[in-house]
Amino acid sequence: MMSENVSVLLFFVLFASVLGSDGRSSTEVNEPDEMVVYRLPGNTIPVSYNLNIMPDYNYFTNTVDFNGEVEILIDVISKTSTITLNCNDILIYVVYVHEKKTKDNIDVLEVKNDSQNEQCNILLRTQLKVGIRYVVNIEYHVNIRVNNMEGFYKSTYNNKDNHKQWLLLTYFEPTGARSIFPCYDEPSYKTPFNITLTRPKNQSSRANMPIYTSYYDKSVQDMRDIFVETPPISTHMVVFVISGFDPTTTGSVASRSPVYVFSDFDRLDQLQYVSGEAPKLLAAMESFTEVPYELPKLDLFAIPDFKSDSMGNWGLNTFR
């Protein structure tokens, strides 16, 4: 598996060629803004995530919010009756906890938000047992803050008809993931992610891995894209984009992995060079490091407004 250091090095070389329970509802506590607890307690750890993101774009108010559901498979390191997760400005609707093997439910007494320390505490009636795996299922709601360019945010661009279009994308470094889904938002916790995105029929979505399958959901009148499971990665490396961008290349093969380049209509004239050179640079990095690029594809996304120069996520790099 390619180390994150090699991924970051590869990313910056590529960047040089691209554009210049029944759980109860949460209780909110009014506390100072300054954090005093930075780390999770470590009595439980994540094994894998199933993440389902369902955005709702309001064309009348020009705002975006979304419902989400995250299912976290956890291991118990020491006996505890509290599951502590990172959680920042998320409205939790309901929490369910059960043993993975027996399916026995664990009663959830309360979910307490610790907004000061960007955490939430799931209080249980009984203690979790060491050596038993549990499933934590959380249904929640998030308002996407426009123009802060953190977490999961909305950007805009002009299409070929010069009409303004919106796109949604993530920027999770260093701690943006906790504002999009309750999680163990520390880089030492590396787990596989199974991601599902809901999108309009006239747009497309991309994530760390290729799409496994897509289907039309009549209940929401939108498409659902289910992605291939990721390798074990940190939360800040998770990435997804919903946009009307089309790839400017069908994919040029470097080793086994195609490279796709995406941008808005105004910058298509800049992408011919990138499309030709990026696969060569990927192959050169494989040769230089003697480490093969092990993901099945690499997306390069040029974004009109972006917080930093670039973000090197696994499988999908974003750039200003």
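Now for a look at the structure at hand. Small disclaimer: the values here were computed from a predicted structure and weren't measured.

Looking now at the sheet that holds strand S8 (residues 134–144). Taking strand neighbours across the sheet as the criterion, the eight strands line up as S5-S4-S8-S2-S1-S11-S14-S13 in an open arrangement whose pairing is mixed. A single partner strand is all that each edge strand has here, and the edge strands are strand S5 (105–106) and strand S13 (211–217). Relative to S8, strand S4 (residues 91–99) is paired through eight bridges, and the arrangement is antiparallel. For Val 97, the partnering residue across the bridge sits in S8 and is Val 136.

Successive side chains on a regular strand alternate, one facing one side of the sheet and the next facing the other. Because side chains alternate across strand S15 (residues 240–243), one face comprises the buried residues Phe 240 and Ile 242, and the other comprises Val 241 and Ser 243, equally buried. As defined by bridge partners, strand S12 (residues 204–207) adjoins S15 across four bridges and the pair is classed as antiparallel. Within the sheet, the bridge partner assigned to Ser 204 lies in S15 and is Ser 243.

Trans is the prevailing form of peptide bonds, just as negative phi is the prevailing case for residues other than glycine. Put simply, Glu 173 and Pro 174 share a cis peptide bond, and its omega is 0 degrees. You will see that Lys 103, though not glycine, has its phi angle at about 70 degrees, which is positive. Assignment of secondary structure puts Lys 103 in the loop between S4 and S5. By relative accessible area, which is 55% here, Lys 103 ends up exposed.

To continue, consider the sheet that holds strand S7 (residues 119–128). The sheet built from three strands is open, its strands ordered S3-S7-S6 with antiparallel pairing. Both outer strands of the open sheet, strand S3 (80–86) and strand S6 (108–114), are each paired with one neighbouring strand and no more. When strand polarity is set aside, the average angle formed by the axes of neighbouring strands in this sheet is 20 degrees.

One pass over the structure, following the stated rule, counts 11 aromatic pairs. Ring centres 5.8 Å apart and planes at 75 degrees place the aromatic pair Phe 66 and Phe 152 in the edge-to-face group. On the criterion of sequence distance, the pair formed by Phe 66 in strand S2 (residues 63–76) and Phe 152 in strand S9 (residues 151–158) is long-range, its members being 86 residues apart. Taken together through their ring pairs, the aromatic side chains of Tyr 49, Phe 66, Tyr 140, Phe 152, Phe 172, Phe 181, Phe 193 and Phe 240 make up a single cluster.

Structurally, His 141 can be placed in strand S8. Exposure remark for His 141: the relative accessible area of 15% places this residue in the buried category. At 2.9 Å, the side chain of His 141 and the side chain of Asn 67 are in polar contact. Here His 141 is in contact with Asp 65, Phe 66, Asn 67, Ile 90, Leu 91 and Tyr 93, once residues within four sequence places are set aside.

Here Met 209 lies in the loop between S12 and S13. Residue Met 209 is classed as buried on the basis of its relative accessible area of 7%. Residues Met 209 and Phe 193, spaced 16 residues apart in sequence, show a C-alpha to C-alpha distance of 9.7 Å. Those residues in contact with Met 209 that lie beyond four places of it in its chain are Phe 227, Val 228, Glu 229, Thr 230, Pro 231, Leu 295, Pro 296 and Lys 297.

Thresholds applied
Residues numbered from 1 in each chain as written. Predicted model: local features only at pLDDT ≥ 70, side-chain atom pairs only at ≥ 80, totals over all residues. Heavy atoms only, no water. Pairing = 2+ DSSP bridges. Helix = DSSP H or I, 4+ residues; strand = E, 2+ residues; numbered from the N terminus. Buried < 20%, exposed > 50% of the residue type's maximum accessible area, 1.4 Å probe, protein only. Axes fitted to C-alpha atoms, helices over the stretch in contact; angles between N-to-C directions. Phe/Tyr/Trp six-rings, centres within 6.5 Å; stacked < 30°, edge-to-face > 60°. Polar contact = N/O pair within 3.5 Å; in protein donor to acceptor, adjacent residues only side chain to side chain. Contact = heavy atoms within 4.5 Å.

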